[in-house]
Amino acid sequence: MKLTPAQLQQFDREGYLFFPSLFTPAEIKVLTDEVPALYAQRRPENVREKTGDVVRTNFAAHLYSYPFAKLARHPRMVEPIKELFGEDVYMHQFKINGKQAFDGDVWQWHQDYGTWMNDDQMPAARAMNVAIFLDEVNEFNGPLMFIPGSHKQGVLDAAHDTSTTSYPLWVINHETITGMVAKGGIVAPKGPAGSMILFHGCLVHASTSNLSPWHRVSVYLSLCAVSNHIRRFKRPDYIAHRDFTPIRCLPDDCLLKHYDVTLPWKDRFFEPLQKAS
Ligand code: SIN
Ligand code: MN
């Protein structure tokens, strides 16, 4: 998938691109069928909401789940980012955000690169998120909100929020957000399951809680230019990966056909089987 000159201009101006229904219902089903079993696992890669047992984020499924290992090599997700950076990319982070019906909590206003710089010492904002919707995203189930053009501000001052939600994040203060929204407004791309969004590492974004009866599961690939790999290994390796190998894409039909992929963490963190007594 090659970005058109109009898309490249739009990305430069707005800081994001939205591709409604880029994946088919059959492709999405392969992924959604796998999510309940992943969320049911007791392993540190499942970060739960602060209120209870509901999964907020599952990390690194591409290293232990066959369908997600293929998604991590999908050309529709990876090729546009390679094109934007003009070089190979590696997987800095892979997550399946739950935003579950009634329980899905907020994500405060932030820039992804703020966290990657402050926590991981990533040298430049040559990394970005590309996300696909596994459920329909509508106005009620906590859509991702962007301030268009905010990526042009570079890295903004941020404070480490370790209390609002169950996941620590470098967040931007309300005064700054108010000023930026007065200029750029807010957009919230909505659409069917299978829609894809890519957005600049400095684009300011957030999402509200999900009080609707509809889950809002989305998968985020955080892809980093290989030369821009992180320099500090402070966060767990399932949150900030240390393997800087360039991603080699599979063919475009990879979700619907079999392709060999490695699952190096398949048995990681599980208790060994009890010996029969
Ligand atoms: C994120 O910003 O990393 C996630 C936001 C969301 O899923 O709403
Ligand atoms: Mn983010």
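Our subject is the structure that appears above.
The shown structure was predicted, so the numbers you read here are calculated from the model rather than taken from an experiment.

What follows covers the overall build of the protein. Within the protein one finds 7 helices and 12 strands. By the compact-globule yardstick of 19 Å for 277 residues, the protein fits well, its C-alpha radius of gyration being 18 Å. Projected onto its principal axes, the C-alpha positions of the protein cover 70 × 40 × 40 Å. Going through the 277 residues of the protein one by one, you find that 52% of them count as buried. Pairs at least 24 apart in sequence give 85% of the contacts found in the protein among residues at least 6 apart. Positive and negative side-chain charges in the protein, numbering 29 and 30 respectively, have mean positions lying 3 Å apart.

Look at Ser21: it is not a glycine, yet its phi comes out positive at around 50°. Turning to its location among the elements, Ser21 is positioned in the loop between strand E1 (16-19) and helix H2 (25-32). Unusually for a residue other than glycine, Ala60 sits at a positive phi of about 65°. Relative to the assigned elements, Ala60 resides in the loop between strand E3 (55-59) and helix H4 (66-71).

A separate point is the site of ligand 1. Close contacts around ligand 1 come from Lys95, Asn97, Trp107, His110, Leu144, His205, Ser207, Arg216 and Tyr220, and that covers them all. Within the side chain of His110, an N or O atom sits 3.0 Å from an oxygen atom of ligand 1. Bound to the protein, ligand 1 loses 98% of the 260 Å² it would expose on its own. For the shell around ligand 1, the secondary-structure elements that each account for two or more residues are strand E4 (89-97), strand E5 (107-110) and strand E11 (205-207). Split by residue class, the shell around ligand 1 holds 3 nonpolar, 4 polar and 2 charged.

Here we come to the coordination of the manganese ion (ligand 2). Protein-derived coordination of the manganese ion (ligand 2) comes from His110 (NE2), Asp112 (OD) and His205 (NE2), at a distance range of 2.1 to 2.2 Å. Sequence spacing of the donor residues for the manganese ion (ligand 2), all on one chain, is H-x1-D-x92-H. Here His205 lies in strand E11 and Asp112 lies in helix H6 (residues 112-120), a separation of 93 residues in the sequence.

With that settled, consider the layout of surface pockets. It is a probe the size of a water molecule, rolled over the atoms, that shows where empty space is left. The volume enclosed by the largest pocket comes to roughly 410 Å³. Around the largest pocket, the lining is made up of 17 residues, and of these His62, Leu63, Arg73, Asp243 and Thr245 lie nearest the centre. Residues that form the lining of the largest pocket fall into these classes: 8 nonpolar, 4 polar and 5 charged.

Parameters at a glance
- Residues numbered from 1 in each chain as written.
- Chains lettered and ligands numbered in written order.
- Predicted model: local features only at pLDDT ≥ 70, side-chain atom pairs only at ≥ 80, totals over all residues.
- Heavy atoms only, no water.
- Helix = DSSP H or I, 4+ residues; strand = E, 2+ residues; numbered from the N terminus.
- Rg over C-alpha atoms; globule rule 2.2 N^0.38 Å.
- Buried < 20%, exposed > 50% of the residue type's maximum accessible area, 1.4 Å probe, protein only.
- Contact = heavy atoms within 4.5 Å.
- Lys, Arg positive; Asp, Glu negative; His and termini not counted.
- Charge placed at Lys NZ, Arg CZ, Asp CG, Glu CD.
- Near = heavy atom within 4 Å.
- Polar contact = N/O pair within 3.5 Å; in protein donor to acceptor, adjacent residues only side chain to side chain.
- Areas by Shrake-Rupley, 256 points an atom, 1.4 Å probe, with all protein chains shown as cover.
- Nonpolar A, V, L, I, M, F, W, Y, C, P; charged D, E, K, R; others polar.
- Donors = N, O, S within 2.8 Å, 3.2 Å for Na, K, Ca; no water.
- 1 Å grid on protein atoms, 1.4 Å probe; cavity = no way out; pocket = protein on both sides within 12 Å on 5 of 7 lines; lining within 4 Å.
- Points joined across faces, edges and corners; volume = space filled by probe spheres on them.

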